[in-house]
Structures are given as structure tokens and as C-alpha cells.
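Residues per chain are reported as follows:
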Number of protein chains: 2
Amino acid sequence: MPSNPRQSTGSRQAEIIATMLALAAARNPADITTTDIAKAMGVTQGALFRHFSSKEAIRLAVAEWIEAHLMARLGEARQAAPDALQGLEAMFLAHVQFIRELPGVPRFVFAELQQPGDSPVRQCVQKIMQRHRQTVAEALESAKAVQLIRLDLDCHAAAALFLGAIQGLVIQTMLGEVPAEIDERARGVLRLYLCGLGARP
Amino acid sequence: MPSNPRQSTGSRQAEIIATMLALAAARNPADITTTDIAKAMGVTQGALFRHFSSKEAIRLAVAEWIEAHLMARLGEARQAAPDALQGLEAMFLAHVQFIRELPGVPRFVFAELQQPGDSPVRQCVQKIMQRHRQTVAEALESAKAVQLIRLDLDCHAAAALFLGAIQGLVIQTMLGEVPAEIDERARGVLRLYLCGLGARP
DNA sequence: TAATTGTAAGTAACTTATTACATACAAACG
DNA sequence: CGTTTGTATGTAATAAGTTACTTACAATTA
């Protein structure tokens, strides 16, 4: 759908980010070329460089978009919950839903994760996971403070497993499962995870 | 170290596989070129094609190598354990150790996982995970049969979380943690996982 | 008018794979 | 035993295609 009239750099940047994520849903993000993005947008390849100085800059913008939107979703889910334990559940399910809506997100993150060195993109992905784990750890501590979960719980391990459970679901879904199934599987895994916390529902 | 005397195709194939995995430990496997492999081996780039018909064939050989060696390790760990529950623990720790010894393995798997379509390499990676999950599910059923774990356990979810816990550990370790730390973290996560199973140690 | 957004064409670097040719090696033979 | 001879393994060069990015120029818009 070539929305061909000229557009501002701001709106084109948003369009490039969205197109990158849309393409990443079905293909290896590392193999997405500037030509692919331009073709999907209905412009020529060179046009992209009017709005981003390099492909690296595009990837950084995508990472920052993910950080902002994912953290917002998680924050909303947590704040809407009546207590810390239900906040954890809500964050888990909100994350899964976010990924189901935008399958390109985990694929992009995994692709950047593979990159060596300390590029800004990688640092951004790193920050996303750190903030995420920090938020989970805080919720766990809150739940512990009001005895919703075991008092002898290792919160560091629990936060790691929280993230790991989701990452594992995504990986196993990427490998041939029916994408819609992830929601059902997520509930099963979440229930099991809460048992490990010693949660009293 | 150019081990330059002529070698048989068999030994060169093994060398190519090992070199690929060694390079994948530190770089994005998708970005490893035939020139990189050849340079690391001390031969010219064209020489590789005396032993493999294409780069795809190299990747397939690597995947098959991983399948054989990983499954062997897991099988040994499980059989050496006195009961099904300790078999699960042993498989978990054996997998973590395998990955710590060969960091290129998970990186290679994740890279292939991102590839679309149904290439033989992808099918092989798919088979590895299916077999792995199947083995875990069997061990869980065995443990349930002798009441080492909760009888109302959802074994499908438990097998998924078992794999996910490891995959999560790997991902979080790839993101900047100290590699040696993974063993310690693994034990914490494993203990929490076993609590979720309702295990009685 | 002047800046912005677009196009079309081009470039330099890189990648896989092939080709023509050289050399080591083992078996066969006189 | 020494020579020949066929094959497996290596090299150097290069073909053919792809990629990110640039440049010269045109058109839109403020």
C-alpha cells in the first residue's frame, strides 16, 4: 500500500520502525535489508536515508520503541492489579499478549542479542531486560512483604525464572507451534511458576 | 594455528564443524562467513567446498553434531541418576554444563531458529527440541508414577518450563552477565522449579 | 525562494561458489 | 624397489550477486 504523498521525517521514522517490526514477524531480522523495508513502504531504498543516518540508527530506534511500549504495558498491568501477586500475573500475561500482537518484537530482540560488542542497540536491549527483571523483583519483594508468597524465596532466581518462562514460551512457539496456542500454554506455565513461589491464591 | 598438512575429508569436516562452533561462541553465527572459517583453519576459502557442497551443508552438519552430542549427554545424566526426579536434576545441570563448555551451541541454535521456512537445518533444530521435551516429559511421568512429585502436575507445562528455564538462563547470560555465573544461577532456578513440581527432597 | 522529501543511478565492499591449475599420496605395475 | 598414474586435497583468481550508503537531480511544500 504505497501511501505515496510526501510525509514528514517524524511520520516516516515511525513508519520505518513499524515496517521493520512487521517484516521481523515472518523473517530473520538480521536478513531484513533496507531494500526490503523500502519496498514494503512503497518508496525507494535511498529514501530511508533521508530519515535515518544508517541502518544501525534504524535498529536503535526500533529497540527504543520496544523499550518504551513494553515497559508501558507492563507498568499498566502491574498498577491495575489489586495486589503484588496479581500484579505479577498481570505482567506475565500482558507480556505474552504484547508478543502475540507483535511477533516481530521477540525476534528482533533475539537477533540483536546475538550481536557482539557493545553497540548502542545491544545496550538498549540489555537495559530492557534489566528494567524488566528489576520490576519483577520489586513485585516479588512486595508480595513477600505481605506474605502472599514463601518467605524463604530466592527473589533473584524467581525473577530470572519469570523472564525465562516467557522467553522459553516464545522460543518454543517460534519453533513450529501454532501461534495462538501460546496463550493457553502461558497460563499452564504461569500456574506452575506460582506454585514454585508458594503462592496462596 | 595452521595445521597445514593435507588431511582427509572426514577430519576436515570435523574441524570445520568445531571451528564454526568456536567462532559462534563470540560472534553472531549468521555473520560467520566461509572466509572466516577458512582463515581460522589456516586454509583458503575455496578449500571448504572440497569437504562440504555448500554453506548450508556445513550448518546442517553442525546441527546434527549438536543433536548427537547433546542427546548423548542428557541420556547419560538421566541414566546415572538413582530415580526419575534426580534424573531431571541431572539433565538440567548437564545441559547447563554443556552450554557453558560450548557457548557457540545455543547461539547457533537461536540463529537457526530465526530462519523462516522449513530448511533441513531448521527441521533438525526442531527435532532436537522435540526430543528434549519428550525426554523431560517421560522423566516427569516416571516421577509422578512413584509419587516423587505432585500428582495433579501438568506435565506438558512442566516440560515447557523445564526447557524455558534453561533457555532463559542462556539468554540472560548472553546479555552481559559473567559466563561463569550461569552455574550458580542455574542451581537457584532449578531449586525453584522443583518447588513448583511439589518435589519432596 | 529555500528547505525538505523523493527518485534513479552508481559505487565500493563483501559473499558464496566455481574454475583452472598444482601437489601430495597411495596403489598398481614393470 | 622404483616408476607411473589416478585421485584427493589444496591454492589463486574470479564470476555473479547482494548490501549499505552516496550523489546528482527533480518535485513538493512552507
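The following refers to the structure shown. Model, not experiment: these values are computed from the prediction. (Residues numbered from 1 in each chain as written. Chains lettered and ligands numbered in written order. Predicted model: local features only at pLDDT ≥ 70, side-chain atom pairs only at ≥ 80, totals over all residues. Heavy atoms only, no water.)

**So, the overall build of chain A**
So, point 1. Looking only at helices and strands, chain A has eight helices and zero strands in total.
So, point 2. When the helices and strands of chain A are listed from N to C terminus, the series reads α-α-α-α-α-α-α-α.
So, point 3. Seen along its three principal axes, the alpha-carbon backbone of chain A occupies a region of about 60 × 35 × 30 Å.
So, point 4. For chain A, buried positions account for 51% of its 201 residues. (Helix = DSSP H or I, 4+ residues; strand = E, 2+ residues; numbered from the N terminus. Buried < 20%, exposed > 50% of the residue type's maximum accessible area, 1.4 Å probe, protein only.)

**Things to note about the protein's contact with DNA strand C**
So, point 1. As a structural note, the neighbourhood of DNA strand C is formed by 19 residues, with A:Arg6, A:Arg50, A:His51, B:Arg6 and B:Lys55 the closest of them.
So, point 2. Protein-proximal atoms of DNA strand C, defined as those within 4 Å of the protein, fall in sugar or phosphate at a share of 51%.
So, point 3. Side-chain polar atom of A:Thr44 to a phosphate oxygen of DNA strand C: 2.6 Å apart, as the coordinates give it.
So, point 4. One of the side-chain nitrogen or oxygen atoms of A:His51 is found 2.4 Å away from a phosphate oxygen of DNA strand C.
So, point 5. Taken together, the residues of the surface near DNA strand C sort by class into three nonpolar, ten polar and six charged. (Near = heavy atom within 4 Å. Polar contact = N/O pair within 3.5 Å; in protein donor to acceptor, adjacent residues only side chain to side chain. Nonpolar A, V, L, I, M, F, W, Y, C, P; charged D, E, K, R; others polar.)

**Let's talk about the protein's contact with DNA strand D**
So, point 1. Inspection of the region around DNA strand D gives 19 residues, with A:Gln45, A:Lys55, B:Arg6, B:Arg50 and B:His51 positioned closest.
So, point 2. In the interface set of DNA strand D, defined as its atoms within 4 Å of the protein, sugar plus phosphate atoms amount to 53%.
So, point 3. Between DNA strand D and the protein, one listed contact pairs a phosphate oxygen with a side-chain N or O atom of A:Thr34 at 2.9 Å.

**Notes on unusual backbone geometry**
So, point 1. Of note in this structure, A:Gln147 is not a glycine but carries a positive phi near 60°.
So, point 2. With respect to the helices, strands and loops of the structure, A:Gln147 is situated in the loop between helix 6 (120-145) and helix 7 (155-174).

**Regarding the interface of chain A and chain B**
So, point 1. Taken together, the contacts link 43 residues of chain A with 42 residues of chain B.
So, point 2. Both faces combined, the contact of chain A with chain B buries some 3600 Å², and carbon together with sulfur accounts for 61% of it.
So, point 3. Considering only the side of chain A, the residues that lose the most area to chain B are A:Gln114, A:Leu175 and A:Leu192, jointly responsible for 21% of the buried surface there.
So, point 4. Put simply, chain A and chain B have zero salt bridges between them.
So, point 5. Looking at the side of chain A that touches chain B, the elements with two or more residues in it are helix 5 (104-113), helix 6, helix 7 and helix 8 (181-197) of chain A.
So, point 6. With twelve residues, the top contributor of residues to the side of chain A that touches chain B is helix 7 of chain A.
So, point 7. Among the residues forming the side of chain A that touches chain B, the class breakdown is 23 nonpolar, eleven polar and nine charged. (Contact = heavy atoms within 4.5 Å. Buried area = accessible area lost by both parts, 1.4 Å probe. Salt bridge = Lys/Arg side-chain N within 4 Å of Asp/Glu carboxyl O.)

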